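Reading the structure
Take a look at the letters that make up each chain.
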Amino acid sequence: DEYIQRFQRTVNVDFPMIVFMDSKHVSSLNLDHHKNSVIIIPISVEILEKQFPNYFRRIEEIRQTNLYKRQAKQTGWLEFAPQAALKDYNLLVMTKPFFLRWASMINPFRTQYFLFVDAGHDCIGALQTTHLNPLRRLLGKMLVSYFDYKTGLYGETHGMPQMAFRHYVGAPHNNEKTWGADRACCKVVRGGIFGGTPAYIDAFAKIYNVILSQTLSDGYMGTEENILAIVLYRFPELFNAYHNHDGDNCRLFVDTSNQKNEADRDVYVHGDVVDSWDSITKTFKSDNGHRVPLVRPTRPLRG
């Protein structure tokens, strides 16, 4: 019931939106005043399993390994977290960027910018139409927010083994003795709010797909927030990234709403806007014409 209430508060905000939700809950929403601004796309676990069969299979295989279960128990929190406890949770959250890309491709409202907003976090109430100008300046690239995840070298980063995560993001000093000031590694990107223009979303989603496939194939899993972070580390050219400090998903909307002047925007990273996938990929090519987005972990996961 609480999630339905959060969905209702989300659709009550006066923005055009596409809502992805299970068809059995659609009738619980009051859409009488939003018929022209809200499009409901029914989805279900069964649809996701058929659409992403390889991801579904690999997520379940990893979740059931002894190593993943042992790590989950040792953390003190992961064992009871949705990503470890619920069979379909990671399949749902890890496909968020594909929902965003699909929405930007069909573009029923003919809009220039697109934001994925997780209604479960109940953030959108902090955003009003008067706050759109600051957001427009940030959505020329992929807008994301991140926080610093502090953990030991042999611990975990949001559910993914820390050593593997550090390899994927390309962090230096994978040795306890030389780690030093790098101990606070690494950034984790929040999955509650992210978006941009169709060109950047397209490039981002394609890279995200490669990295998600690679990490699951290697046997390492956190959540979508780990994959988002790896893309940010490996392809910073794609992003305007906002440090939300305390890690709250809603901080981005709250801070944007409270901005008073241009000086308040120094927490953001800006870049030039591009208008096509081809123009983006040109910046990623190395001398041999390719840029490998990942460093493969040296020790694959064993169950």
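Each remark here, short or long, concerns the structure printed above.
Read on for a plain summary of the structure. Values in this document were obtained by computation on a predicted structure and should not be read as measured data. (Residues numbered from 1 in each chain as written. Predicted model: local features only at pLDDT ≥ 70, side-chain atom pairs only at ≥ 80, totals over all residues. Heavy atoms only, no water.)

1. Quick look at a nonpolar patch on the surface
A cluster of nonpolar side chains, Trp102, Met105 and Ile106, forms an exposed patch at the surface whose accessible area comes to about 290 Å². By the secondary structure assignment, Ile106 is in helix α8 (residues 96-106). Looking at Ile106, the relative accessible area reads 37%, which means it is partly exposed. (Patch = residues over 30% accessible without salt bridge, like charges linked within 9 Å, V, L, I, M, F, W, Y side chains within 5 Å. Areas by Shrake-Rupley, 256 points an atom, 1.4 Å probe, with all protein chains shown as cover. Salt bridge = Lys/Arg side-chain N within 4 Å of Asp/Glu carboxyl O. Helix = DSSP H or I, 4+ residues; strand = E, 2+ residues; numbered from the N terminus. Buried < 20%, exposed > 50% of the residue type's maximum accessible area, 1.4 Å probe, protein only.)

2. Some remarks on the packing of helix α12 (residues 198-218) against helix α13 (residues 224-234)
At a closest axis distance of 9 Å, the pairing of α12 and α13 adopts a crossing angle of 120°. Of the possible angle classes, the one that applies to α12 and α13 is oblique. As for the relative orientation of α12 and α13, their crossing is right-handed in sense. Residues Phe204, Ile207, Tyr208, Ile211, Leu212 and Thr215 of α12 lie in contact with α13, whose contacting residues are Glu224, Ile227, Leu228, Ile230 and Val231. Here the contact of α12 with α13 is built from residues that sort into nine nonpolar, one polar and one charged. (Axes fitted to C-alpha atoms, helices over the stretch in contact; angles between N-to-C directions. Parallel < 35°, antiparallel > 145°, perpendicular 65-115°, else oblique. Left-handed = near helix turned anticlockwise from the far one by under 90°. Contact = heavy atoms within 4.5 Å. Nonpolar A, V, L, I, M, F, W, Y, C, P; charged D, E, K, R; others polar.)

3. Examining the pairing of strand β9 (residues 239-243)
Most of β9 sits out of view: five of its five residues are buried. Relative to β9, strand β4 (residues 142-148) is paired through five bridges, and the arrangement is parallel. Residue pairing in the sheet places Leu143 in a bridge with Asn240 of β9. (Pairing = 2+ DSSP bridges.)

4. Observations concerning helix α10 (residues 162-169)
Counting buried positions along α10 gives eight out of eight residues, so the element sits mostly inside the fold. Considered for burial, the residues of α10 that qualify are Gln162, Met163, Ala164, Phe165, Arg166, His167, Tyr168 and Val169. A positive phi of about 80° marks Gly170, the residue just after α10.

5. Considering the side chain of Asn107
With respect to the element layout, Asn107 can be found in the loop between α8 and β3 (114-117). Residue classification places Asn107 among the buried residues on the basis of a relative accessible area of 14%. From its side chain, Asn107 meets the backbone nitrogen of Thr111 in a polar contact 2.8 Å long. (Polar contact = N/O pair within 3.5 Å; in protein donor to acceptor, adjacent residues only side chain to side chain.)

6. Here's the deal with the packing of aromatic side chains
Counting across every chain of the model gives eleven aromatic pairs. Ring centres 5.2 Å apart and planes at 20° place the aromatic pair Phe116 and Phe194 in the stacked group. A residue pair is termed long-range when its members are at least 10 positions apart, and Phe116 in strand β3 and Phe194 in strand β8 (residues 193-196) qualify at 78 residues. Taken together, the aromatic side chains of Phe52, Tyr55, Phe98, Phe116, Phe194, Phe204, Tyr208 and Phe239 make up a single cluster linked through ring pairs. (Phe/Tyr/Trp six-rings, centres within 6.5 Å; stacked < 30°, edge-to-face > 60°.)

7. Focus: the nonpolar core
Ranked by internal contacts, the top residues of the largest apolar core, which has 56 residues, are Met142, Phe204, Tyr208, Leu212, Val231, Leu238 and Phe239. When residues no more than four places from it in sequence are discounted, the contact partners of Leu212 are Tyr55, Met94, Phe98 and Ile227. If you look at the next biggest cluster of nonpolar residues, it comprises 23 residues, including Met21, Cys123, Leu139 and Leu143. (Core = buried A, V, L, I, M, F, W, Y, C linked by side-chain atoms within 4.5 Å.)

8. A few points about helix α5 (residues 66-75)
Residue pairs three or four apart in sequence face the same way in an α-helix, which turns once every 3.6 residues. Burial in α5 covers these residues: Tyr68, Gln71 and Ala72. Buried residues of α5 fall within an arc of 100° about the axis and therefore sit on the same side. Residues of α5 that are exposed and point over 90 degrees away from its buried face: Lys73 and Gln74. Along its buried surface, α5 packs onto α4 (53-63), α6 (82-85), β5 (156-157) and β6 (160-161). Positive backbone phi, approximately 85°, marks Gly76, located one or two places after α5. (Arc of directions from axis to C-beta.)

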